[in-house]
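# Descriptive structure summary
Single-letter residue listing:
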Amino acid sequence: MHARKPPRDDDESDARASKTPEGTRAVLDGNEINRALTRIAHEVLERTKGAHDVTLLGIPSRGVPLARRLARRIERVEDLDVPTGSLDITMYRDDLRLAPARALGKTEIPVGGLDDRVVVLVDDVLFSGRTVRAALDALGDLGRPRAVQLAVLVDRGHRELPIRADYVGKNLPTSLRESVTVQVEETDGLDAVLLGPSGPSPSTVLKGGLRPGALQYPDSLQGSETTEGDL
Amino acid sequence: MRHLLSTGDLSRDEATLILDTATELAQVGDRSVKKLPTLRGRTVVNLFYEDSTRTRTSFELAAKRLSADVINFSAKGSSVSKGESLKDTALTLQAMGADGVVIRHSASGAPHRLAGWVDGSVLNAGDGTHEHPTQALLDAFTMRSRLGRLEGLRVAVVGDILHSRVARSNVLLLTTLGAQVTLVAPPTLLPVSVYTWPCEVSYDLDEVLPKADVVMMLRVQAERMRDSFFPSVREYSRNYGLDGERLGRMPADAIVMHPGPMVRGMEISAEVADSPRCTVTEQVANGVSLRMAVLYLLLGGS
């Protein structure tokens, strides 16, 4: 996919132009992503009546930094500590047999576990809903949350399962021929949501596996810098 | 990678991927539900022509934690005792639809032959005096989790190198991963071809000990010995056994490893075997996670 470019000190428009890969356009920029996250933080507080028993779990890879940011925003508004972790869903995917074995992401369950917590799953893009289905299965093996909610930065539609998000940063109507790519500063150097023409074939499009291709394609270990939407 | 026959086949990236995957899967042992649905509907056959407790139960547990169906097949009490050949046994398993075959055999190279006969993945669980890849991988995994790195680590492998499949697998794997291996043994217990291995060789344990981050003790495999390789057990133990006094001369953070089964009083004294610096039981626990990683990477994808 796109080569990572080193951070530059140019003025903002220049930096943005230079980092938006050819053929794609930025749908959300850094500020808009920040505002969306701030709004979601307030919505979580409102819906969960103060977020006292909320645990945030990000789905690797882009969901994890988003979950951390969301936790910081909630903590800023309400003076409390929000347990935050990550939940890798690779072993629960329903398409494992369609591609070579994938590398696993990190699963970190906050101390205190998930029993009787309100778990908010955090992901970058909601697409087919299959990632979320896998995450729900994984949660069932880790504990028994009181409730599970879903927060996504972008909902691009085209659900294949009866799943919906409780908190949405932006509803983005897309065509199946398009791809949605979320970049976050922590891993990609800048914040952006990019809409572009459909990328590589679905078998190489990975979600959850940080290093796609696994055993058969060791060359691609440093491969994709970006997430290609949902499964 | 379709089979795991030799650690020499693994690139550094592949070996690291296996270790990283095992690190993640190690968490499964601490969960309330110690099971993942990943290999549901897949069949793993444990084909053991040689006795084994550790390796067979470890593979069985690993496959079950990944929800695979496991069939245990030992040479005793099977058609093998009626004279069936390895090939016919393999074709029988093939006809039953085995996705993975874990094989231990007394003949070096048996897994390689098997890999040519069956469609599924073949995992070498020890072939003669040749290789034991998952043992080497779990040893590397244990070193990495205890000492935090493998690059530049000085590893001494001490004992019956000649009959050891663990030694060869470890030399190949650890070299790939950037560690320096020194083999320590009496000249009679070193293979003739040892000078072609990517490692150093010493006959003097006391010289090597102070410079080792890891000391791996190997059992003297009396069951494979048809000649006498050393004058007496007492003499072997005095020259190549690890006791408390020798442990004291190792660097303070160095660890003692043993692939098991241990013979206390021979290659390792009871004092060392029970010391917190000895990782024997840790190695067994890591073996399950590591074998889960290998089974997942070989059988989990397309």
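Residue numbers run consecutively from 1 along every chain, following the written order of its sequence. Labels follow written order: the first chain is A, the first ligand is 1, and so on. The predicted origin of the model limits local features to residues at a pLDDT of at least 70 and limits the giving and counting of side-chain atom pairs to 80 or more, whereas totals for whole chains, interfaces and linings rest on all residues. Water and hydrogen atoms play no part in the side-chain values, which are based on all heavy atoms of the structure.

## Quick notes on the overall build of chain A
Which entries qualify depends on this criterion: Helix and strand definitions follow DSSP, with helices as H or I runs of at least four residues and strands as E runs of at least two, each counted in order from the N terminus. When a residue's accessible area, from a 1.4 Å probe over protein chains only, is under 20% of the maximum for its type it is buried; when over 50% it is exposed; and in between it is partly exposed. Working rule for contacts: check all heavy atoms of both residues, and any pair within 4.5 Å makes them a contact. Here the open area of atoms and residues is found with the Shrake-Rupley method and a 1.4 Å probe, where only the protein chains shown may cover a residue.
Along the backbone of chain A there are five helices and nine strands. For chain A, the succession of helices and strands along the chain, N to C, is α-β-α-β-α-β-β-α-β-β-β-α-β-β. Across the 231 residues in chain A, those meeting the buried criterion constitute 56%. Expressed as a percentage of contacts within chain A between residues at least 6 apart in sequence, the contacts between residues at least 24 apart total 69%. When the accessible area of chain A is evaluated, it comes to approximately 10,600 Å², of which 48% is carbon and sulfur surface.

## Observations regarding the interface of chain B and chain A
Much of the literature gives interface size as the accessible area that the parts lose upon coming together. Quick note on the threshold: Simply put, the buried area is the total loss of 1.4 Å probe accessible area from both parts when two parts are fitted together. Any carboxyl oxygen of Asp or Glu that lies within 4 Å of a side-chain nitrogen of Lys or Arg is treated as forming a salt bridge with it. Residues adjacent in sequence count toward polar contacts only when both atoms are side-chain atoms; beyond that, a polar contact is any pair of N or O atoms within 3.5 Å, and within protein one must be able to donate a hydrogen and the other to accept it. Under the scheme applied, nonpolar residues are Ala, Val, Leu, Ile, Met, Phe, Trp, Tyr, Cys and Pro; charged residues are Asp, Glu, Lys and Arg; polar residues are all the others, including Gly.
Contact with chain B, which involves 25 residues of that partner, is made by 24 residues of chain A. When chain B packs against chain A, close to 2,100 Å² is buried across both sides, 56% of that on carbon and sulfur atoms. Looking only at chain B, the three residues that lose the most surface to chain A are Leu17, Glu24 and Tyr296 of chain B, adding up to 26% of its buried area. Taken together, chain B and chain A are joined by two salt bridges. Note that Lys106 of chain A and Glu24 of chain B form a salt bridge whose closest N and O atoms lie 2.9 Å from each other. Here chain B and chain A share seven residue pairs in polar contact (both at pLDDT 80 or more) between them. When contributions to the side of chain B that touches chain A are tallied by element, the ones reaching two or more residues are helix 1 (12-25) and helix 11 (280-299) of chain B. Per-class residue counts for the side of chain B that touches chain A are nine nonpolar, eight polar and eight charged.

## So, the layout of surface pockets
All names here are of chain B. Rules: Both cavities and pockets are sets of points on a 1 Å grid over the protein atoms alone; in a cavity a 1.4 Å probe fits but cannot get out, in a pocket the set is open with protein on both sides within 12 Å along at least five of seven lines, and lining residues sit with an atom within 4 Å of a point. Grid points are joined across faces, edges and corners, and a volume is the space filled by probe spheres set on the points. Segment limits for the domains were obtained from an automatic or database-derived domain assignment.
As a volume, the second largest pocket reaches approximately 580 Å³. Around the second largest pocket sit 32 residues that line it, and Arg104, Arg165, Pro259, Gly260 and Pro261 are the ones nearest its centre. Of all the secondary structure elements, the ones that give two or more residues to the lining of the second largest pocket are helix 2 (54-65), helix 5 (133-147), helix 6 (165-176) and helix 11. Among the elements that make up the lining of the second largest pocket, the one with the highest residue count is helix 11 (six residues). Within the lining of the second largest pocket, the residues separate by chemical class into eight nonpolar, 15 polar and nine charged. Counting only domains with at least three residues in the lining of the second largest pocket, you end up with domain 1 (7-132 + 284-299) and domain 2 (133-279).

## Notes on the pattern of salt bridges
Residues and elements named next belong to chain B. Using the criterion set out here, one finds 28 salt bridges over all chains in the structure. In this structure, Arg154 engages Asp213 in a salt bridge whose closest nitrogen and oxygen atoms are separated by 3.2 Å. With Arg154 in strand 5 (residues 154-158) and Asp213 in the loop between helix 7 (205-208) and strand 8 (214-217), this residue pair connects regions lying 59 residues apart in the sequence. Taking the relative accessible area as the measure of exposure, Arg154 reaches 34% and is therefore partly exposed. The residue Glu245 makes a salt bridge to Arg249 at a minimum N-O spacing of 2.9 Å. Arg249 gets classed as partly exposed once you look at its relative accessible area, which sits at 34%.

## Digging into the sheet that holds strand 4 (residues 121-127) of chain B
Residue and element names in this part refer to chain B. Heads up, the rule is: Note on pairing: DSSP must find at least two bridges between two strands before they are called paired. Only the stretch in contact is used when a helix axis is fitted, and all axes are lines through C-alpha atoms; the angle between N-to-C directions ranges over 0 to 180 degrees.
Pairing within the open sheet is parallel, and its four strands lie in the order 2-1-3-4. Here the strands that pair on one side only, and so sit at the sheet edges, are strand 2 (69-74) and strand 4. Adjacent strand axes in the sheet meet at a mean angle of 15°, parallel and antiparallel pairs treated alike. Bridge analysis of strand 1 (residues 43-48) against strand 2 gives six bridges, and the strand direction is parallel. When the sheet's bridge partners are listed, Val45 is paired in strand 2 with Ile71. Sitting on the sheet, helix 4 (residues 110-117) touches strand 1, strand 3 (100-105) and strand 4, and the angle it makes with strand 4 is about 165°.

## Concerning the domain arrangement of chain B
Residues and elements named next belong to chain B. Split by domain assignment, chain B resolves into domain 1 (7-132 + 284-299) and domain 2 (133-279). Put simply, the middle of domain 1 and the middle of domain 2, counted by C-alpha atoms, are 25 Å apart. Tallying the contact residues gives 30 residues for domain 1 and 29 residues for domain 2. When domain 1 packs against domain 2, the two sides together hide about 2,500 Å² of surface, and 59% of this comes from carbon and sulfur. A salt bridge links Asp20 to Arg144, with the nearest nitrogen and oxygen atoms 3.0 Å apart. Viewed at the interface, domain 2 and domain 1 are joined by 17 residue pairs in polar contact (both at pLDDT 80 or more). Going through the elements one at a time, helix 1, helix 2, strand 3, strand 4 and helix 11 are the ones with two or more residues in the side of domain 1 that touches domain 2. Per-element tally for the side of domain 1 that touches domain 2: the top contributor is helix 1, with eight residues. Tallied by class, the residues present in the side of domain 1 that touches domain 2 amount to eight nonpolar, 14 polar and eight charged.

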